[in-house]
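Observations on the model geometry
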Amino acid sequence: MIILVLVATLVLSTDAAGCEGKFGPFIEGAAVNKQGEVFAVNVGSQRNTIGRLSGDCSLFATVTDRPNTELNSIRVLPDGRMLSTDTRNQRVVMVSADGKQASTYCEGAGMVAPNDLALSSSGLLYISGQRWTDATAVGDGGMWLCRGSVAQQLTLLGRTNGIELSPDEKSLYVSEAFNKGGRPVSNKIWRYALKPDGSLGAKTLFFDFTQDGSAHVDVDGMRTDTKGNLYVTRNEGQAVVKFSPSGKILKKFTLNFSAPTNLELGGPQGKTLYAVGRCGIGVPWGSGSGCVQLFSVEAPGRALTLLQQGKPQLAQAKSG
């Protein structure tokens, strides 16, 4: 039996100041920069855009170097450049620090709808992907690794979405889901040991959501803090769940919208949890607008901590 420990949590704000109504229903990819500012995709109705969740919540970039670009996840580099998955074009985009230029960083025809990103201190870029079908099969998702311009397939799985590294970068977490009859019936988080060269080692089960009766609720974005805790969005579950490094549920952050898609630990000290997703309860996919909710947490995020150490450093993106 799983015992859920609920701890009083400070809710900072219902919405990031000024952001309400500025993002569309496909808001995703929350990511922090070195200054603690947080960004997300899907400003207005344009899925090829990145906007600010901090400050004035304005448009940062519009990616137009390829037709039909649909951005999903973001990771920011110390110099302000951004990496973002382009689901439709099976690639990862590099956006310049001023948001005015974009080019292909890596791509691969075998990538299945690249979804989320995990970035190591040495610049290894791990990518998840998922193809939505009524009946999920192995190969409808998987993981890929970019060391240069070509995405290398690491493994094939069911639908993969959230992906994240532990602070010591010895473990890689990834979610896997299966549909039956057009609805999720299984959601798990796997933990892979990583070899020194960045390739995958042993695979172990981190958490199976049949244990708490929520296998039908999808895992979406994931982030770790400096203590190794894993934060997980439950899309259509109205929550972000915090796990200990051993896989114990520590806390549940209840949201005022039911479909959170991603999260980030930002703010000046990295101790503000930003959760983003489609506004409202039970609002149909693709409808309405994007919402943001903020909470206070105890430990800073892994991503901001690395950025403030000047990591990672990547080579310039190749031309698109």
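Values in this document were obtained by computation on a predicted structure and should not be read as measured data. (Residues numbered from 1 in each chain as written. Predicted model: local features only at pLDDT ≥ 70, side-chain atom pairs only at ≥ 80, totals over all residues. Heavy atoms only, no water.)

This part takes up the overall build of the protein. Helix and strand counts for the protein come out as 1 helix and 24 strands. When its C-alpha atoms are laid out on the principal axes, the protein stretches across 50 × 45 × 40 Å. Within the protein, the proportion of its 320 residues that are buried is 59%. Long-range pairs, those at least 24 residues apart, make up 50% of the contacts in the protein between residues at least 6 apart in sequence. When the accessible surface of the protein is totalled, it reaches about 12300 Å², and 51% of it is carbon and sulfur. Here the protein holds 32 positive side-chain charges and 27 negative ones, and the gap between their average locations is 3 Å. (Helix = DSSP H or I, 4+ residues; strand = E, 2+ residues; numbered from the N terminus. Buried < 20%, exposed > 50% of the residue type's maximum accessible area, 1.4 Å probe, protein only. Contact = heavy atoms within 4.5 Å. Areas by Shrake-Rupley, 256 points an atom, 1.4 Å probe, with all protein chains shown as cover. Lys, Arg positive; Asp, Glu negative; His and termini not counted. Charge placed at Lys NZ, Arg CZ, Asp CG, Glu CD.)

Right, let's talk about the sheet that holds strand S19 (residues 230–235) for a bit. Pairing is antiparallel across the open sheet formed by 4 strands, whose spatial order is S18-S19-S20-S21. Bordering the open sheet on either side are strand S18 (218–224) and strand S21 (249–254), each of which pairs with just one other strand. Across the sheet, the axes of successive neighbouring strands diverge by a mean angle of 25°, strand direction being ignored. With 5 bridges joining them, S18 and S19 adopt antiparallel strand pairing. Bridging from a neighbouring strand, Met222 pairs with Val232 of S19. (Pairing = 2+ DSSP bridges. Axes fitted to C-alpha atoms, helices over the stretch in contact; angles between N-to-C directions.)

Position of Thr49 among the secondary structure elements: in strand S4 (residues 46–52). A polar atom in the side chain of Thr49 sits 2.8 Å from the backbone nitrogen of Val43. Ignoring any residue separated from it by four or fewer positions in sequence, one finds Thr49 in contact with Ala40, Val41, Asn42, Val43, Leu59, Ala61, Thr62 and Leu71. (Polar contact = N/O pair within 3.5 Å; in protein donor to acceptor, adjacent residues only side chain to side chain.)

With respect to the helices and strands, Phe206 occurs in strand S17 (residues 200–208). Residue classification places Phe206 among the buried positions, given a relative accessible area of 6%. Each C-alpha atom, one on Phe206 and one on Gly110, is 27 Å from the other, the two residues being 96 residues apart in sequence. In this structure, Phe206 is in contact with Tyr173, Ile189, Trp190, Arg191, Leu230, Phe243, Ser244, Pro245, Ser246 and Gly247, ignoring residues within four places of it in sequence.

Another aspect to go through is the confidence of the model for the protein. Of the residues in the protein, 92% have a pLDDT of 70 or more, and the chain-wide mean is 92. In this model, residues 1–9 is a region of pLDDT below 50 whose contacts with residues beyond four sequence positions or in other chains number 16 contacts. Across residues 316–320 the pLDDT falls below 50, and counting only partners more than four positions away or on other chains, this stretch makes 14 contacts in the model. (pLDDT = per-residue confidence, 0-100.)

For the rest of this paragraph, the subject is empty space enclosed by the protein. Enumeration over the complete set of coordinates arrives at 1 cavity of 30 Å³ or more. Approximately 100 Å³ is the volume attributed to the largest cavity. Forming the boundary of the largest cavity are Ala31, Val32, Arg75, Val76, Leu119, Glu264, Arg302, Ala303, Leu306, Leu307, Lys311 and Pro312. Secondary-structure elements contributing two or more residues to the lining of the largest cavity are strand S2 (23–32), strand S6 (71–76) and helix H1 (302–308). Considering each element in turn, the lining of the largest cavity owes the most residues, 4 residues, to H1. A class-by-class count of the residues in the lining of the largest cavity yields 8 nonpolar, no polar and 4 charged. (1 Å grid on protein atoms, 1.4 Å probe; cavity = no way out; pocket = protein on both sides within 12 Å on 5 of 7 lines; lining within 4 Å. Points joined across faces, edges and corners; volume = space filled by probe spheres on them. Nonpolar A, V, L, I, M, F, W, Y, C, P; charged D, E, K, R; others polar.)

So, about the environment of Asp168. Examined against the element boundaries, Asp168 turns out to sit in the loop between strand S14 (159–165) and strand S15 (171–180). Within the local environment of Asp168, its side chain forms a polar contact with the side chain of Ser166, the two groups lying 2.6 Å apart.

Now for the pairing of S14. In terms of residue burial, S14 counts as a mostly covered element, since 7 of its 7 residues are buried. Relative to S15, S14 is paired through 5 bridges, and the arrangement is antiparallel. Bridge pairing links Ile163 to Val174 in S15. Counting the residues that bridge the hairpin from S14 to S15 gives 5 residues, and of these Glu169 lies at a positive phi of roughly 60°.

Reading across from one edge, S6-S7-S8-S9 is the order of the 4 strands in this open sheet, with antiparallel pairing throughout. The two strands at the open ends of the sheet, each matched to only one other strand, are S6 and strand S9 (102–107). The mean angle between the axes of side-by-side strands here comes to 30°, regardless of whether they run parallel or antiparallel. Where strand S7 (residues 82–86) meets strand S8 (residues 91–95), 5 bridges bridge the pair, whose relative direction is antiparallel. Paired with Leu83 across the two strands is Met94, which belongs to S8.

Attention shifts here to the pattern of salt bridges. Note on pairing: side chains with opposite charge can pair once their charged atoms come close. Tallying each qualifying case throughout the model produces 15 salt bridges. With a closest N to O distance of 3.1 Å, Arg88 and Glu70 form a salt bridge. Taken together, the residues span a long stretch of sequence, with Arg88 in the loop between S7 and S8 and Glu70 in the loop between strand S5 (59–62) and S6 at a distance of 18 residues. Among the residues examined, Arg88 registers a relative accessible area of 48% and is labelled partly exposed. A salt bridge links Arg223 to Glu264; its shortest N-O distance comes to 3.5 Å. One end of the pair, Arg223, is in strand S18; the other, Glu264, is in strand S22 (residues 259–266), and 41 residues separate them in sequence. According to the relative accessible area criterion, Arg223 is buried, its value standing at 1%. The exposure class of Glu264 is buried, given its relative accessible area of 3%. (Salt bridge = Lys/Arg side-chain N within 4 Å of Asp/Glu carboxyl O.)

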